[in-house]
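Below, each chain spelled out in residue letters.
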Amino acid sequence: QDWRHYTPIDHAVWRYVMRQAIRILKVNAHRVYFQGLLNTGINTEAIPRIEDMNDILGKIGWGCVAVDGFIPPAAFMEYQAYKILVIACDMRQINHIEYTPAPDIVHEAAGHAPIIVDGPYAAYLQRFGEIGAKAMSSRKDFELYEAIRRLSILKEAPDTLPAEINAAENLVVERQENLGRPSEMARLSRLHWWTVEYGLIGDMGQPKIYGAGLLSSPGELHHALHDDVPRYPFDIRQVAETPSAVYSYHNGYFILDDPSHIRRIVEDYARLEGLPIPTPLH
């Protein structure tokens, strides 16, 4: 992370998103999020430094590492298994302030880090990493990953032509539609997506925001809580077969019962599918 590279506009984007979080999520986020903001001491006025984040997370036995955008799922899972939060250090463009398809420091530091201080959530992340690191992936998985990564880079590059974005979006759709039977890694990634990234939690009628993708996206946050957007009880098999949206808001969301529910998900799924369940690292 070259912290000096961030511009005044970048810091202004950070302040905007954090102030939105404090204002909107005070009512709509699960209570552990705000407790996490207090416990981590994340500065709402300026983009955090990675070394400071590492000190903060070190107090709860975690650490962090800077990466460049999307990394392969297997690498992501292995970091998580060793209690290391992957942080993409890029900052979203101001015209993507409400939502960006690319991982950035707003998503990682403002979305994941505060809620990671919650014991069940942190335990789930690590266990997911331990099991996910052993999952089998396919050539088509990697081709889809490369297409998604390229699309995220093009969408955040200020000089990208609309035709380039359109072609990259079409390639992602094509590879999603021709994925075939999803691999172990693909199905586990979907469980991760619909819990840690875009999960809701609590009452079906008035759920709270739990996933970091929603916590760091003021635009999709409003969309997810709109009465017209479908919500479904969390069913492991259904979730594992539901692809994620890559460059748009989702058409529906799954709702977890409570924070204790999340601890059971990955091992329950591993048993259902006959996946190897490694001995915990801790």
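A brief report on the enclosed structure follows. (Residues numbered from 1 in each chain as written. Predicted model: local features only at pLDDT ≥ 70, side-chain atom pairs only at ≥ 80, totals over all residues. Heavy atoms only, no water.)

**Looking at the state of the cysteines**
Rules: Note that a disulfide, as used here, is simply two cysteine sulfur atoms within 2.5 Å. To sort residues, take the accessible area from a 1.4 Å probe on protein chains only and compare it with the maximum for the residue type: under 20% means buried, over 50% means exposed, and anything in between is partly exposed.
Per the stated rule, a full pass over the model turns up zero disulfides. Cysteine Cys64 is unpaired, with the sulfur of Cys89 as its nearest cysteine sulfur at 8.3 Å. According to the relative accessible area criterion, Cys64 is buried, its value standing at 12%. In this structure Cys89 comes out as buried when scored by relative accessible area, which is 12%.

**Concerning helix α9 (residues 184-197)**
Put simply, the rule reads: Working definition: helices are DSSP H or I runs of at least four residues, strands are E runs of at least two. Numbering for both runs from the N terminus. To estimate how far a helix should extend, the number of its residues minus one is multiplied by 1.5 Å.
For α9, built from 14 residues, the straight-helix expectation of 20 Å at 1.5 Å per residue is met to within 8% by its first-to-last C-alpha distance of 19 Å. Of all 14 residues making up α9, 11 are buried, and the element is well covered by its neighbours. Every buried residue belonging to α9 is among Met185, Ala186, Arg187, Leu188, Arg190, Leu191, His192, Trp194, Thr195, Val196 and Glu197, and all of these are buried.

**Side note on the sheet that holds strand β5 (residues 231-233)**
The criterion, for reference: Any two strands are treated as partners once DSSP identifies two or more bridges connecting them. For helices, the fitted axis covers only the stretch in contact; all axes are lines through C-alpha atoms, and the angles between them, taken along N-to-C directions, range from 0 to 180 degrees.
Here we have four strands laid out as an open sheet, ordered β4-β3-β6-β5, and mixed in their pairing. Two strands bound the open sheet, and with one partner strand each, they are β4 (207-209) and β5. Strand after strand, the sheet turns through a mean of 40° between neighbouring axes, direction not considered. Sheet analysis places β5 next to strand β6 (residues 253-256), joined by three bridges and oriented parallel. The residue bridging Tyr232 from the neighbouring strand is Phe254, located in β6.

**Overview of the pairing of β6**
Judged by which residues are buried, β6 turns out to be covered on both faces: Tyr253 and Ile255 on one side and Phe254 and Leu256 on the other are all buried. Across two bridges, the pairing between strand β3 (residues 200-202) and β6 is parallel. Considered in β6, the bridge of Ile201 is made with Leu256.

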